[in-house]
Amino acid sequence: MKTIIVNGSPRKNGNCAKVAELFAATLEKEGIETELLQIGSMDISGCRGCWACAKTGRCVQDDADFHEAAEKIYEADGLFVAAPVYYDSMPGQLKSFLDRLFFQDRGGGGLRRKVGAACSVQRRTGGVALLDDIYHFMICAGMIIAPSEGESMVFGLEPGEVMADQEGLDILEGTAGNMAWLMKMMETTKEMLPPPELKKRAQTNFIRQGGLCDDD
Ligand SMILES: Cc1cc2nc3c(=O)[nH]c(=O)nc-3n(C[C@H](O)[C@H](O)[C@H](O)COP(=O)(O)O)c2cc1C
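Residues numbered from 1 in each chain as written. Predicted model: local features only at pLDDT ≥ 70, side-chain atom pairs only at ≥ 80, totals over all residues. Heavy atoms only, no water.

Participant: In this structure, what is going on with the packing of helix α1 (residues 15-29) against helix α6 (residues 166-189)? I would like to understand it.
Facilitator: Each pair of packed helices gets described by two things: the angle between the helix axes and the distance between those axes. Contact pair α1 / α6: the axes reach a minimum separation of 9 Å and the direction vectors enclose 40°. The orientation of α1 with respect to α6, classified from their angle, is oblique. Of the two possible hands of crossing, α1 and α6 adopt the one that is right-handed. The segment α1 lies against α6, with Val19, Leu22, Phe23, Thr26, Leu27 and Lys29 engaging Leu169, Leu172, Glu173, Thr175, Ala176, Gly177, Met179 and Ala180. A class-by-class count of the residues in the contact of α1 with α6 yields nine nonpolar, three polar and two charged. (Axes fitted to C-alpha atoms, helices over the stretch in contact; angles between N-to-C directions. Helix = DSSP H or I, 4+ residues; strand = E, 2+ residues; numbered from the N terminus. Parallel < 35°, antiparallel > 145°, perpendicular 65-115°, else oblique. Left-handed = near helix turned anticlockwise from the far one by under 90°. Contact = heavy atoms within 4.5 Å. Nonpolar A, V, L, I, M, F, W, Y, C, P; charged D, E, K, R; others polar.)

Participant: Sorry if this is basic, but what is going on with the pattern of salt bridges here?
Facilitator: Side-chain pairs of opposite charge can arise whenever the charged atoms involved come near each other. One pass over the structure, following the stated rule, counts eight salt bridges. For Glu33, the salt bridge goes to Lys2, with nearest N and O atoms at 3.9 Å. Of this pair, Glu33 sits in strand β2 (residues 33-37) while Lys2 sits in strand β1 (residues 2-7), placing them 31 residues apart in sequence. Judged by relative accessible area, which is 45%, Glu33 ranks as partly exposed. Overlapping salt bridges, with partners in common, bring together Lys2, Glu33, Glu35 and Lys72 in one network. (Salt bridge = Lys/Arg side-chain N within 4 Å of Asp/Glu carboxyl O. Buried < 20%, exposed > 50% of the residue type's maximum accessible area, 1.4 Å probe, protein only.)

Participant: Looking at this model, I keep getting lost on the nonpolar core. Mind explaining?
Facilitator: The tendency in soluble globular proteins is for nonpolar side chains to be buried side by side. Formed by 34 residues in total, the largest nonpolar core has its most connected members in Ile39, Ile73, Leu79, Val81, Phe97, Leu101 and Phe102. Contributing elements (two or more residues each) for this core: β1, α3 (64-75), β3 (78-84), α4 (92-103) and α5 (127-140). Ranked by residues supplied to this core, first place goes to α5 with six residues. If we ignore the near neighbours within four places in the chain, the residues touching Phe97 are Ile39, Ile44, Phe66, Ala69, Ala70 and Ile73. (Core = buried A, V, L, I, M, F, W, Y, C linked by side-chain atoms within 4.5 Å.)

Shown next, in the form of structure tokens:
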């Protein structure tokens, strides 16, 4: 089993890198393979809102970095996102990546019922809002969020400062342990207890019969 670890910070060696490293170490100790993707410093442009991927399952933008990273995530069993808080939200590069990663997979099952977790990294404020943002991507995709038993966030400004936030690091280690446990439980029971079939559901745009956007 494998978990992809996303570093959502443009700083390759900052606090998110420490979080990613510690999270990966706990997973590896539990027998889960990990791979780091340095998404925050990739040059990834945002979703164009063309809706083409809703029909094809693939974003029309042909940036190899994006598609390569997305494939690795769809093939893995788990996804962990370490993200810095920028103005109580996430950096633009990470938002561009997540919008496209999750939107092109709508209905495709590349993310459905995979285990997800996240950790926000901030100097002082915005962690709760950022975690909500990331968890909502995961919820919409039908992912299973690993319990963190405390808010999954650590505090620090300069690279490495998070190492002094002992409570945050303890919560992080607990989340990684829970993620490994969930992944192993799902693997062990997959024959015995297959997931329920997905019912086809109506699409309504609140009050009207819904459909895909046919603007362009
Ligand atoms: C553009 C920008 C905006 C930021 N906004 C916030 C913020 O709203 N709240 C906060 O607590 N820290 C904020 N920070 C501080 C970072 O979250 C903090 O330095 C964090 O450790 C960065 O993680 P990294 O070292 O992995 O890049 C901001 C930093 C930058 C560069």
